[in-house]
Structures are given as structure tokens and as C-alpha cells.
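# Observations on chain architecture
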Amino acid sequence: MRLSKSFIKTLRDAPKDETAKSAGYLIRAGYIYKEMAGVYDYLPLGLKVIENIKSIVRDELNKIGGQEVLMSALQNPELWQKTDRWDDQKVDIWFKTALSAGGELGLAPTHEEPMTNMLKTYIKSYKDLPLAVYQFQTKFRNELRAKSGIMRTREFIMKDLYSFHTTEADLDRYYKEVEGAYARIYDRLGLGTDTHETFASGGVFSKYSHEYQTFIPVGEDTVYYNSDKSIVLNEEVLNDEVLSDLGVKREELQETRAAEVGNIFKLKFKYSEPLGLKISNENNEMQTVYMGCYGIGISRVMGVIAEKFCDDKGLVWPESIAPFKYYLAPIGEAGLAAAEKLYTGHEDEILFDDRNLRPGEKFADAELMGIPYRLVISDKTLAEDSAEITDRKTGETKLVKLSDILTR
Ligand code: ATP
Ligand code: MG
């Protein structure tokens, strides 16, 4: 991408009401645009980060047999009445809207109901199971308070996966597969060491669910962990029964702040029963389908990564999700000509600062945008047939031969 052609300009100031560092940087660097409290647009750089996160998630979910769909945001109240989740007293984050022909629709805060209902058309027998279906989809939640930039918004991108099984044992087996996939996903996103599977409250059909909590001071949740972090639990389940279940004493636990970046849940019959998702089993009897659901907050993950890795100069993206690998900043006419050559054929990897700006301005933007490697080509580096490469994370700089750069 050529910055001279891009409509994005970095901004000197972020909106005053943005308190999270990540939100300030994401806005100033031109990744996102704030429409109003809790509602953001994703601009070219921000969209690339979102797509890179989605690619990693998609890759790992496809490996465990996930089939991708895209369901509607508009929701039929009838389905949600069947599970008693339409009533605003029961679910207080609905956005609802009136139909001009009369009646109401909802904007989906999640998709258990439509997913379960849709599959009634296709799943008839145990031979159709197991099945895992997922999507990346925009959810709407009328959150009382939008907070921390894109970490808590009223419109956000979620990955939601749902699995369907004939037996509880098969649900348990698949749940473990998802745990494996999630561990790989957070590793690849650069959040592996600080993201922990965390005991959280369950529901009618299961004692616990698991959250994926990234330890970070701006996180909204309080979690407790033991010395080697092999046991992490949400404060909502910090009680004697749970401590004894986990075989850990209160004194052994420390407290910290964390952001929930994912959640996995054994639903069993919670939705399949009221919505009537049944199959004929091996004995030819009709039985209710076992279900699990597994979320990842894609846009929240972007905010958490931005927050976790930024420094006093701006964003610092892990290479796996950075919008571009290189920020190419030529200096002088000869530098620009050599940079043009380097750029050609590598447009997807290089953010090309071909603007007529002072080097200091280009360098400040490179740092604010957090592109992993800055390449500077000037008369001085060209004298050595080289470019200067600077690692955004460590600040280390060295000369690399031009012919070696894009083969790294
Ligand atoms: P929270 O407790 O943070 O409100 P939740 O438990 O209600 O989240 P889930 O229904 O489990 O959320 O949704 C799956 C994932 O979607 C969460 O783990 C989180 O990463 C993300 N998410 C939930 N609410 C929001 C929001 N308002 N803005 C951005 N991401 C969100
Ligand atoms: Mg949750």
C-alpha cells in the first residue's frame, strides 16, 4: 500500500474520552475511526489486522473440522421466545427494532438460537453428527458502558463455533479438541504466554465453562491464579466448593486483572431441547442433540494485542497479524527510486511511505503504526547496496543488502 495514495492520515490527538492507550493509538494511527461511544469503523490497516486474526482462527478451526457459514444479524423473536431469551428482563443487552409492517426484530447478540433452529432442517440422524459450524459475524449488544476502545463495544466481531453430538462423551472429546485449537490460536496471535484457560461459571447443564483470559491491567475481569498458573479461576467462582474441586487453597492464589478473549461452554441440551433439535440414534429412537459453543472476541483480541504490546511511541504488532511486515521509508531521490524497485511485486508486504515528508515525520508514523520492520533507503545505505532495517520491538538496527531483504 502506498501512503501517498491512501486516504489515511495519522492524527496528532485521539478523542479526549478514550482512556485506553490502545484506543488512542489505533485511532491516531488510522486503524479505526470512532463513530460514537462503543461503535468503531475499521479502516484499511485495521481491517487487515482483523482479517489476519480471522485467518489464524479460521485455519485452526478448519483443522478441527469446522464448517464456515455467515448467519444473519436480524433475529426472529419467535426463536428467542422458545428459549426465554427475548424478554428484556432476562437478557438486558438486546437491540430491538420495529418492523414497518408491524412486529419486532432483534439484532443478534449471539447465535445459539438461529444456529440450532437452522440445523433442524439438515440434521436428522446420528449419521449427520458430529458437526461443527462457525462464523465470523457482527454482534450487537446494548452494553451499559462501552469501555477501553474496541475491547468493549456495542457492535463487535465475534467468532462463534457451535458443535453438535450424539453422546456426551463425543461432546467431551470435541471440547478437548477446541481447547487444543484455542491454545494454538492464542499462541499464533502472540498472546500465548499471557492467555490462560480459566474456570468460570457454567449453567444449568454444566458446572463450569472455561474462559480464555489474557492477563492485562486494563482487563475488566478479576481472576485468581496459582504460582505456576496451571489453575486460573474467575472471581465469580471463587468459593469453597470450587477451591476444593480444583484442589487448591485460597492462600495459594494471587489476584490479577484480565480480559476475556474467548469462552467455551458445554451447553448440552440448553438450546437443543427448547428448540427441538433431535436426531434418530443408533437404536432408532429420537433423542435430543448435545451441543457446545465456543466464542472468540475477534475485535476485542485486536484491542488486547494493541494494548499489550504498545510502547510510548505507538503500536507494536506481532508479525503474525501486522497489516504489513515492512514500513519502507526512502530518503532522497535515489532512495525513492530504489524503494520503488523494492516495492514492485511486494505490495502486500510493504507499507510504502512514498510521501514527500521529512524523515523524522516518516519515522514517527512508522513507530505509531507499529509495523514490525522499518526499512530506510538513503544515499548512505545505497553506497553499500543496502537498506537499514529497524526492528520495531527491540529498536535494533542493521544494514541488510537490498538483494537479501525480501528473501528473509
Ligand atoms: P463479557 O463478560 O466481557 O461481557 P461475555 O461473556 O458476555 O463477555 P460471550 O457471550 O462469552 O461474552 O462472547 C464471546 C466473546 O466475545 C467474549 O469472550 C469476548 O471476547 C467477546 N465479547 C463479548 N462482549 C463483547 C463486547 N461488548 N465487545 C467486544 N467483544 C466482546
Ligand atoms: Mg463469556
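Here is a short report on the structure shown in this document.

## Overview of the environment of serine 4
Note that serine 4 resides in the segment before helix H1 (21-28). Distance from serine 4 to aspartate 353, taken between C-alpha atoms, is 7.0 Å for residues 349 residues apart in sequence. Among the polar contacts listed, one links the side chain of serine 4 to the side chain of aspartate 354, at a separation of 2.7 Å.

## Concerning the pattern of salt bridges
For side chains of opposite charge, pairing can occur when their charged atoms come near one another. Scanning all chains against the criterion turns up 31 salt bridges. When the shortest N-O distance is used, the salt bridge between arginine 2 and aspartate 354 registers 3.0 Å. On the criterion of sequence distance, the pair formed by arginine 2 in the segment before H1 and aspartate 354 in the loop between strand E18 (350-352) and helix H10 (359-369) is long-range, its members being 352 residues apart. The partner of glutamate 68 in a salt bridge is arginine 58, with the nearest N and O atoms 2.6 Å apart. A residue pair is termed long-range when its members are at least 10 positions apart, and glutamate 68 in strand E3 (residues 67-68) and arginine 58 in helix H2 (residues 44-63) qualify at ten residues. Since its relative accessible area comes to 38%, glutamate 68 is described here as partly exposed. Where salt bridges share partners, they join Asp59, Glu60, Lys63, Arg184 and Arg188 into one cluster.

## Focus: the layout of surface pockets
As a volume, the largest pocket reaches approximately 1,200 Å³. Lining the largest pocket are 49 residues, with Arg141, Met158, Glu211, Glu260 and Asn263 sitting closest to its centre. Of all the elements in the fold, those that place two or more residues in the lining of the largest pocket are strand E8 (155-165), strand E10 (208-215), strand E11 (221-225), strand E13 (254-268), strand E16 (290-297) and helix H8 (298-309). When residues of the lining of the largest pocket are assigned to their parent elements, the largest contribution, eight residues, is made by E13. Here the lining of the largest pocket is built from residues that sort into 20 nonpolar, 13 polar and 16 charged. Roughly 220 Å³ of internal volume is contained in the second largest pocket. As for the second largest pocket, its lining consists of 14 residues, of which Tyr42, Gln137, Thr138, Phe156 and Ile157 are closest to the centre. Those elements that place two or more of their residues in the lining of the second largest pocket are strand E2 (39-42), H2, strand E7 (131-140) and E8.

Conventions adopted
- Residues numbered from 1 in each chain as written.
- Chains lettered and ligands numbered in written order.
- Predicted model: local features only at pLDDT ≥ 70, side-chain atom pairs only at ≥ 80, totals over all residues.
- Heavy atoms only, no water.
- Helix = DSSP H or I, 4+ residues; strand = E, 2+ residues; numbered from the N terminus.
- Polar contact = N/O pair within 3.5 Å; in protein donor to acceptor, adjacent residues only side chain to side chain.
- Salt bridge = Lys/Arg side-chain N within 4 Å of Asp/Glu carboxyl O.
- Buried < 20%, exposed > 50% of the residue type's maximum accessible area, 1.4 Å probe, protein only.
- 1 Å grid on protein atoms, 1.4 Å probe; cavity = no way out; pocket = protein on both sides within 12 Å on 5 of 7 lines; lining within 4 Å.
- Points joined across faces, edges and corners; volume = space filled by probe spheres on them.
- Nonpolar A, V, L, I, M, F, W, Y, C, P; charged D, E, K, R; others polar.

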